Amino acid sequence: AQSVSQHNHHVILSEAASLELGCNYSYGGTVNLFWYVQYPGQHLQLLLKYFSGDPLVKGIKGFEAEFIKSKFSFNLRKPSVQWSDTAEYFCAVSQYSGGGADGLTFGKGTHLIIQP
Amino acid sequence: GAVVSQHPSWVICKSGTSVKIECRSLDFQATTMFWYRQFPKQSLMLMATSNEGSKATYEQGVEKDKFLINHASLTLSTLTVTSAHPEDSSFYICSARDQAGAQPQHFGDGTRLSIL
């Protein structure tokens, strides 16, 4: 079974600081990789995704992530965070089987707090 | 586009009752819907995969007789928690994809279930 590990459970940063959230997964086959964000009181929203091609993917709100296959990693980055980035961030993996992509396996999430 | 609606958003009921949660795709046809559960301060856990017109596929450890899933149409899947007990209290989230193998999934707002 696949698993997803997010290394940082709580991160506190000041505005304008750079952000990197770690995500590692365990599965040797073809995977789709995602980062979702959950703002307080809201549903999950997709930040970015990787299916194939360029391992550096850019998402919404200035976020990007890099897929490093050899390290089974898909870390999320943002050069300069804003107070509005305060939220819960989830890394997720979908295993691709013959019938199509399966349900998502989520990491435990990282609670990001940005201090003004 | 790609809106998924869940109803109700919050339900409180007595132990022993059954609760039905609806998941609707509002502007697309969802061949596959997924049901997740999220306990406080934890990640989302996939419970089952629901395909229109066929039986749901449950993840290991999820009781199919307790969590009844019906996906009778391309826009509606229901999750019924039968004989609910306090330990079933959780946040239940559905997601849908609009064609076979398509990613990402579109998430509903979730249903907070509290069993007294």
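This is a predicted model, so every value here is computed, not measured.

K.L.:
Help me out: how do you make sense of the packing of aromatic side chains in this one?
P.N.:
Within a pair of aromatic rings, the relevant descriptors are the distance that separates the centres and the angle that separates the planes. Residue and element names in this part refer to chain A. Counting across every chain of the model gives 13 aromatic pairs over all chains. Ring centres of F34 and F51 lie 6.0 Å apart, and the angle between their planes is 75°; this geometry places the pair in the edge-to-face category. With a gap of 17 residues between them, F34 in strand β5 (residues 31-38) and F51 in the loop between β6 (45-50) and β7 (56-58) connect regions that are remote in the sequence. Given the relative accessible area of 0%, F34 is considered buried. Here the guanidinium or amino end of K49 rests over the ring plane of F51, the centre of that ring lying 5.9 Å away.

K.L.:
Quick question: what am I supposed to make of the nonpolar core here?
P.N.:
Soluble globular proteins tend to pack their nonpolar side chains together in the buried interior. L33, W35, L47, L48, F74, L76 and Y89 of chain A are the most contacted members of the largest nonpolar core, which has 28 residues in total. Ignoring anything within four residues of it in the chain, the contact list for Y89 of chain A reads Q6, L21, W35, Y36, V37, L47, F63, L76, G109, T110 and L112 of chain A. In this structure, A56, V62, I69 and V81 of chain B belong to the second largest nonpolar core, which totals 24 residues.

K.L.:
Any chance you could explain the pattern of salt bridges here in plain terms?
P.N.:
Oppositely charged side chains can form a pair if their charged atoms are brought close together. All names here are of chain A. Inspection of the entire model under this criterion finds 6 salt bridges over all chains. As a salt-bridge pair, K58 and E64 come within 2.9 Å of each other at their nearest N and O atoms. K58 gets classed as exposed once you look at its relative accessible area, which sits at 64%. Residues joined in a network through salt bridges with shared partners are K58, E64, E66 and R77.

K.L.:
Looking at this structure, I do not really get the state of the cysteines. What am I missing?
P.N.:
A disulfide bridge is the covalent bond that connects two cysteines by way of their sulfur atoms. What the rule picks out here adds up to 2 disulfides over all chains. Sulfur-sulfur distance for the disulfide between C23 of chain A and C91 of chain A comes to 1.9 Å. Judged by the torsion about the S-S bond (-65°), the C23 of chain A/C91 of chain A disulfide is left-handed. Taken as a pair, C23 of chain A in strand β4 (residues 23-26) and C91 of chain A in strand β10 (residues 87-97) lie far apart in primary sequence, 68 residues in all. Classification of C23 of chain A by relative accessible area gives buried; the value is 0%. Residue C23 of chain B pairs covalently with C94 of chain B via a disulfide, S to S 1.9 Å. Judged by the sign of its S-S torsion, about 80°, the cystine formed by C23 of chain B and C94 of chain B is right-handed.

Rules and cut-offs
Residue numbering note: each chain is counted from 1, following its sequence as written. As a convention, the first chain written is A and the first ligand written is 1, with the rest following in written order. Per-residue local features of the predicted model are confined to residues with pLDDT of at least 70, and side-chain atom pairs are confined, for both listing and counting, to 80 or more; whole-chain, interface and lining totals are unaffected and use all residues. Note: side-chain values were computed over all heavy atoms of the structure, leaving out hydrogens and water. Within 6.5 Å between ring centres, the rings of Phe, Tyr and Trp (the latter by its six-membered ring) count as paired, and their orientation is classed by plane angle as stacked under 30 degrees, edge-to-face over 60, tilted in between. Secondary structure counts use DSSP, requiring at least four H or I residues in a row for a helix and at least two E residues in a row for a strand, with both numbered from the N terminus. Burial classes: relative accessible area under 20% of the type maximum marks a residue as buried, over 50% as exposed, and values in between as partly exposed (1.4 Å probe, protein chains only). By definition, being over a ring means that NZ of Lys or CZ of Arg is both within 6 Å of the ring centre and within 35 degrees of the ring normal. Nine residue types can take part in a nonpolar core, namely buried Ala, Val, Leu, Ile, Met, Phe, Trp, Tyr and Cys, and a core is a set of them joined through side-chain atoms within 4.5 Å. Contacts: residue pairs with any heavy atoms within 4.5 Å of one another. Whenever a carboxyl oxygen of Asp or Glu lies within 4 Å of a side-chain nitrogen of Lys or Arg, that contact is scored as a salt bridge. Count a disulfide wherever a pair of cysteine sulfur atoms falls within 2.5 Å.

No statement about biological role is implied by the geometric values presented.
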